[in-house]
Amino acid sequence: ELKVGQNPLFLSTQEGRNYTVYCNYSTASDRLYWYRQNPGKSLESLFVLLSNGAVKQEGRLMASLDTKARLSTLYITAALQDLSATYFCAVDTQCSPDATSLYPNLQLVGPLLLQEL
């Protein structure tokens, strides 16, 4: 059974500081996703990490994937109030027999609530 964990689960941020969030999972994964949800808004896709060593950046957010350690890290640089939101990580592990699509078994974990002090 796939298990996904996120650490920490809650952060009270201070403007301008850097933060790190970890997402670990129990079985080999083909894809790892990071999402953000602002209050009253829909889930927003931030990153899709597809291979070991993958690193993606968008503004003050950066995510990396270490498939050997079964760990993804979300880095938040110089946090500002506009980054206050709920963050989720998710993994997808099973490929269909023809390996061209994925079964809908997304394991969504979180939330991590980033809250401005």
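Just above sits the structure.
Below is a summary of the structure that appears in this document. (Residues numbered from 1 in each chain as written. Predicted model: local features only at pLDDT ≥ 70, side-chain atom pairs only at ≥ 80, totals over all residues. Heavy atoms only, no water.)

Quick look at the state of the cysteines
We count it as follows: Cysteine sulfur atoms that pair up within 2.5 Å are treated as a disulfide. Secondary structure elements are taken from DSSP: a helix is a run of H or I of four residues or more, a strand is a run of E of two residues or more, and numbering for both begins at the N terminus. The classification of residues rests on relative accessible area computed with a 1.4 Å probe and restricted to protein chains. Under 20% of the type maximum is buried, over 50% is exposed, and intermediate values are partly exposed.
Here the structure, examined in full by the defined rule, presents one disulfide. Between the sulfur atoms of C23 and its disulfide partner C89 the distance amounts to 2.1 Å. Taking the sign of the S-S torsion, about 80° here, the bridge from C23 to C89 comes out right-handed. Note that C23 is positioned in strand 3 (residues 19-25) and C89 in strand 9 (residues 86-92), a separation of 66 residues in sequence. A single burial state applies to C23 and to C89, both of which are buried.

Topic: the nonpolar core
This is how the line gets drawn: Each nonpolar core is a collection of buried residues, namely Ala, Val, Leu, Ile, Met, Phe, Trp, Tyr and Cys, held together in the definition by side-chain atoms within 4.5 Å.
Grouped together as the largest cluster of nonpolar side chains are 24 residues, with contacts concentrated most on L32, W34, L74 and I76. At the level of elements, strand 3, strand 4 (31-37), strand 5 (43-49), strand 7 (61-66), strand 8 (71-76) and strand 9 are the ones that each hand at least two residues to this core. Sorting elements by how many residues they give to this core places strand 3 first, with four residues.

Section: empty space enclosed by the protein
Using the following cut-off: The definitions used throughout rest on a 1 Å grid laid over the protein atoms alone, on which a cavity is an enclosed set of points accommodating a 1.4 Å probe that cannot get out and a pocket is an open set flanked by protein within 12 Å on both sides along at least five of seven lines; lining residues are those having an atom within 4 Å of a point. Grid points are joined across faces, edges and corners, and a volume is the space filled by probe spheres set on the points. Classification convention: Asp, Glu, Lys, Arg as charged; Ala, Val, Leu, Ile, Met, Phe, Trp, Tyr, Cys, Pro as nonpolar; all other residues, Gly among them, as polar.
On inspection of all chains with the given rule, the structure shows one cavity of 30 Å³ or more. Lining the largest cavity, in full, are Y25, S29, D30, R31, L32, L50, S51, L65 and T67. The class makeup of the residues in the lining of the largest cavity is four nonpolar, three polar and two charged.

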